Amino acid sequence: MKILDMTFVQGFIRMADDGFRMGWHERNGGNLSYRIKPEEVEMIKNRLKHDGPWTPIGASVPELAGEYFLVTGSGKFFRDIKDDPEATLAIIELDEKGENYQLKWGLVEGGKPTSELPSHLMNHAVKKRVTNGTYRVIYHAHPANIIALTFVLPLEDEVFTRELWEMATECPVVFPDGIGVVGWMVPGGREIAEATSKLMEKYDAAIWAHHGIFCAGEGAHNTFGLMHTIEKSAEILVKVLSMAPQKRQTIQPDQFRELAKAFQVELPERFLYEKK
Ligand code: 2HA
Ligand code: ZN
């Protein structure tokens, strides 16, 4: 089957283009990856190359040995993905140790997989384990309001989670486990990948201070929806903080507990602290 006709490729391209049109991907900002299902690999096998060099990932992910990923290319612009997927995207295979990758398709004008490949793959490894393989998408974007909040809120999981939950009633239902935050770090390497993947043990979203956010999910639709919900809530918080230093009224801890009961989600009590 033609690679570009595959449903997972179409969903990936649409998600990337939606993200661009949301304003989350200036220039080459952001990156996206999908862990391809074995039956999907089977359907495109005859259209893949198998003779390229093996290149170090920059991390070790034995849990993902032999798996295939569709990823955005390093330095490629999200703006171009829809018009030129074969030059901006790549399909890679990992070796039997999970330490090297081989290019199987894409990047026809040259290039490498995303500069954040270590973070993507380490997050995939964690999510594959903790979700029993159901999560397949990792998405990194640069949404302005989330980034803005990392300059004014304490960089604590509890504070970001609670403040974003308060901004829209649907938030605790969409991300009941909360959101993690890492302080500023150099992007692209193993260290930030380790910090992020540790947060992915507990959360589906991890904010990088003064940089952006990673979201994880089952498919393109849900993962985009999570990013969208978090950024929308961050936008409301930015507006509220711009209007007044203090909220006049907000959703209270007991109201979150009522919501949890009604929507059958568990909201960890550490996010429902009493404020002074
Ligand atoms: O330029 O977003 O974090 C791609 C990135 C790096
Ligand atoms: Zn980035």
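What counts and how
- Residues numbered from 1 in each chain as written.
- Chains lettered and ligands numbered in written order.
- Predicted model: local features only at pLDDT ≥ 70, side-chain atom pairs only at ≥ 80, totals over all residues.
- Heavy atoms only, no water.
- Helix = DSSP H or I, 4+ residues; strand = E, 2+ residues; numbered from the N terminus.
- Rg over C-alpha atoms; globule rule 2.2 N^0.38 Å.
- Buried < 20%, exposed > 50% of the residue type's maximum accessible area, 1.4 Å probe, protein only.
- Contact = heavy atoms within 4.5 Å.
- Areas by Shrake-Rupley, 256 points an atom, 1.4 Å probe, with all protein chains shown as cover.
- Near = heavy atom within 4 Å.
- Polar contact = N/O pair within 3.5 Å; in protein donor to acceptor, adjacent residues only side chain to side chain.
- Nonpolar A, V, L, I, M, F, W, Y, C, P; charged D, E, K, R; others polar.

(A) Representation of the overall build of the chain. The number of helices and strands found in the chain is 11 helices and nine strands. In terms of C-alpha radius of gyration, the chain reaches 19 Å, essentially the compact-globule figure of 19 Å for 276 residues. Along the three orthogonal principal directions, the C-alpha set of the chain runs to about 65 × 35 × 35 Å. Per-residue burial for the chain yields a buried fraction of 53% across its 276 residues. Sequence separation of at least 24 residues holds for 73% of the intrachain contacts in the chain that already meet a minimum separation of 6. Element-wise, carbon and sulfur atoms account for 50% of the exposed surface of the chain, whose accessible area totals about 13,300 Å².

(B) Inspection of the site of ligand 1 at higher detail. Near ligand 1 the following residues occur: Asn 28, Gly 29, Gly 30, Asn 31, Ser 115, Glu 116, His 140, His 142 and His 211. Within the contact set of ligand 1, an oxygen atom lies 2.9 Å away from a side-chain nitrogen or oxygen of His 142. A total of 220 Å² of accessible area belongs to ligand 1 in isolation, and the protein chains cover 85% of it. Counted by class, the shell around ligand 1 contains no nonpolar, eight polar and one charged residues.

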